[in-house]
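# Analysis of the macromolecular model
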Amino acid sequence: MAWTLYGDWNSGATILEILLNEAGAPFAFRQVAIARGRQLADDFAAINPMRRLPVLVAPDGTVVTESLACILVLAEHLPDARLLPPPATRERAVALRWMAFLAGELYGAVGRFDYPERYTADPAGAPAVREAAMAETRRLWSLLDGQLGPGPYTLGETFSALDAQILVMSRWANGPAEWVDTHCPRILDVVRATAARPAAAALWTRNYAPVRPARPDEASAVAALVETAYAPWVPAIGQRPGPMDDDYARRIARGEAFVVAEASGALAGLVVLEQKDGAFWLDNVAVAPAHAGRGLGRRLIRFAEAEARRRGHDAIRLYTHQRMERNVALYRDLGYIETGRGVAQGFARVFMEKRLAG
Ligand SMILES: N[C@@H](CCC(=O)N[C@@H](CS)C(=O)NCC(=O)O)C(=O)O
């Protein structure tokens, strides 16, 4: 029997994914989509009455909640992975101290930032709760940064579960990552060293690697990524989807192609954005098969929406093929409304739009 992990992409469960990978322990990941409030549903409350992630189920069926408990249980069950220093050592005490600090103090501030309305009886007070939570996360990261000895890991030369916790928690929006990276040099060392570990590399790429403009020398890599990402659709729609025959050198030259790359440089994802007829279009999202189904596509779509807002648009448009029903369902789920259907340039298209809040 393997481990089961209930979580969402870029949630506290990501810490446990890294640790399970470190140990080479097989596990089943069950996504509980926070964006859709799935953690609040009654069927999930039957698993964790706190209605929060992560939840770890041990091979013997024992249910563990609370991220710190999950980390400790993994460290005990998977001793060969040396996720923590040996018991009764100075290093172990240091690791436990800061792991409890992050799971208690920092996670608490994250909850107040993400859900300020839960922490005030006055609805008008929510923004102030949020602002105070942001200030508190920054104070906590600075404090921890000032306490760490020489790196690259938190405990020096040796990786520990604390590093995985720091990597993941320092990337959360209320960190925010950019603030931590510019104010907390030791935290940044830990993040860099941990992200480079094979156990974390793919998760790093999917959840956190920057979305950046594609470079001119990446045109053929972009075309190859699109080819592999869209190939499974060819039999379903009976023709090559439009993006498979786009001119990516031209897209890149026009600044319309953005990518996420692995540390090796291999492309993991692509989003093509276009301003035309006074509107902002999400032209194409492609994810490499090795990274598919783990939240990268949604992250690229969120990037497109943020980019539309940044460029002063209050809506974003797209079209997809009518037979790409899974994509239509995904866009609906993300708040896109169907605005029409029709045949254009030989493709049976569904047109969709999402209004963007200011
Ligand atoms: N004390 C808990 C906090 C868990 C927590 O807040 N998890 C977040 C995800 S990273 C969550 O489930 N948020 C959704 C919610 O609170 O509704 C732990 O350490 O595991």
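The shown structure was predicted, so the numbers you read here are calculated from the model rather than taken from an experiment. (Residues numbered from 1 in each chain as written. Predicted model: local features only at pLDDT ≥ 70, side-chain atom pairs only at ≥ 80, totals over all residues. Heavy atoms only, no water.)

### Side note on the overall build of the protein chain
Convention followed: In this text, helices come from DSSP runs of H or I with a minimum length of four residues, and strands from runs of E with a minimum of two, each type numbered from the N-terminal end. We take the radius of gyration over the C-alpha atoms and set the globule estimate at 2.2 Å times the residue count to the 0.38 power. Only protein chains enter the accessibility calculation, which uses a 1.4 Å probe. A residue is then buried if its area is under 20% of the maximum for its type, exposed if over 50%, and partly exposed in between. Residues count as neighbours in contact if any of their non-hydrogen atoms are within 4.5 Å of one another.
Along its length, the protein chain carries 14 helices and 11 strands. The C-alpha radius of gyration of the protein chain comes to 22 Å, within 12% of the 21 Å expected for a compact globule of 358 residues. For the protein chain, the C-alpha atoms occupy an extent of roughly 70 × 50 × 40 Å along the three principal directions. Counting across all 358 residues of the protein chain, residues that qualify as buried make up 49%. By sequence separation, contacts in the protein chain at least 24 residues apart represent 64% of the contacts at least 6 residues apart.

### Examining the site of the ligand
The following threshold applies: Working definition: residue near molecule or strand if any one of its non-hydrogen atoms lies within 4 Å of it. Polar contact is the term for a pair of N or O atoms within 3.5 Å; when the atoms are in protein, one must be able to donate a hydrogen and the other to accept it, and sequence-neighboring residues count only if both atoms are side-chain atoms. Note on residue categories: nonpolar means Ala, Val, Leu, Ile, Met, Phe, Trp, Tyr, Cys or Pro, charged means Asp, Glu, Lys or Arg, and polar means any other residue, Gly included. Boundary definitions for the domains trace back to an automatic or database domain assignment.
Lining the immediate environment of the ligand, one finds 14 residues, of which Gln39, Leu53, Glu66, Ser67 and Arg118 sit closest. The contact in question runs from a nitrogen atom of the ligand to an N or O atom on the backbone of leucine 53, over 2.7 Å. Here tyrosine 107 contributes a side-chain N or O atom positioned 3.4 Å from a nitrogen atom of the ligand. Considering only residue class, the shell around the ligand consists of seven nonpolar, four polar and three charged. Both domains that meet at the shell around the ligand, namely domain 1 (3-81) and domain 2 (90-207), each give it at least three residues.

### Quick look at the domain arrangement of the protein chain
Basically, it comes down to this: Put simply, buried area is how much 1.4 Å-probe accessible surface two parts lose in total, over both of them, once they are put together. In the sections that follow, a salt bridge refers to a side-chain nitrogen of Lys or Arg positioned within 4 Å of a carboxyl oxygen of Asp or Glu.
Segmentation of the protein chain into domains returns domain 1 (3-81), domain 2 (90-207) and domain 3 (212-355). A C-alpha centroid distance of 31 Å is found between domain 1 and domain 3. Each side of the interface is counted separately: domain 1 has four residues, and domain 3 has five residues. Among the residues of domain 1 in contact with domain 3, Trp9, Glu17 and Arg36 are the three that bury the most area, contributing 89% of the side total. Counting across the interface, domain 1 meets domain 3 through two salt bridges. As a salt-bridge pair, glutamate 17 and arginine 294 come within 2.9 Å of each other at their nearest N and O atoms. In this assembly, domain 1 and domain 3 are joined by two residue pairs in polar contact (both at pLDDT 80 or more).

### A look at helix α14 (residues 325-333)
Here is the rule we go by: In this description, the arc belongs to the directions extending from the helix axis to the C-beta atoms.
Within α14, the full set of buried residues consists of Asn327, Val328 and Tyr331. Within α14, the buried residues cover an arc of 100° as seen down the axis, which keeps them to one side. Exposed residues on α14 whose side chains face more than 90 degrees from its buried face are Glu325 and Arg326. Buried-residue contacts for α14 involve α11 (233-237), β8 (279-287), α13 (296-310), β9 (315-321) and β11 (347-355). Phi for glycine 335, located one or two positions after α14, is positive at around 100°.

### A closer look at the sheet that holds strand β4 (residues 63-65)
Using the following cut-off: Any two strands between which DSSP finds at least two bridges are classified as paired. Between N-to-C directions, angles span 0 to 180 degrees; the directions come from axes that are lines fitted to C-alpha atoms, helices contributing only their stretch in contact.
Spatial ordering of the open sheet is given by β2-β1-β3-β4, a layout of four strands whose pairing is mixed. Since the sheet does not close on itself, it has two edges, and those belong to β2 (27-31) and β4, each with one partner. Geometrically, the sheet is characterised by an average inter-axis angle of 20° between neighbouring strands, direction not taken into account. Summarising the sheet, strand β1 (residues 3-7) and β2 pair through five bridges and their orientation is parallel.

### Things to note about the packing of helix α5 (residues 126-147) against helix α8 (residues 185-195)
How two helices sit against one another is set out by the angle between their axes and by the gap between those axes. To be explicit about the condition: In what follows, roughly perpendicular refers to angles from 65 to 115 degrees, roughly parallel to angles under 35, roughly antiparallel to angles over 145, and oblique to any angle outside these ranges.
In contact at an axis separation of 7 Å, α5 and α8 are set at 80° when each is read in the N-to-C sense. In terms of orientation, α5 lies roughly perpendicular with respect to α8. Here Trp141, Leu144 and Asp145 of α5 lie close against α8, whose contacting residues are Pro185, Arg186 and Ile187. Considering only residue class, the contact of α5 with α8 consists of four nonpolar, no polar and two charged.

### A short note on the pattern of salt bridges
In total, this model carries 27 salt bridges according to the counting rule given. Put simply, glutamate 307 and arginine 311 hold a salt bridge, and the shortest N to O gap is 3.2 Å. A relative accessible area of 8% means that glutamate 307 is categorised as buried. We note a salt bridge from glutamate 338 to arginine 332, for which the minimum N-O separation is 3.1 Å. Under the relative-accessibility criterion, arginine 332 is labelled partly exposed at 46%. One salt-bridge network, in which partners are shared between bridges, spans Asp246, Arg251, Arg254, Glu256, Glu274 and Asp283.

### What about the pairing of β11?
Consecutive side chains along a regular strand alternate between the two faces of the sheet. The pairing of β9 with β11 spans seven bridges and is antiparallel. Counted as the bridge partner of alanine 315 is arginine 355 from β11. Bridge count for strand β10 (residues 337-344) against β11 is seven bridges, and the pairing is antiparallel. Its bridge partner being in β11, glutamate 338 is matched across the sheet by methionine 352. Hairpin connection from β10 to β11: two residues lie between these consecutive antiparallel strands, with glutamine 345 at a positive phi of about 50°.

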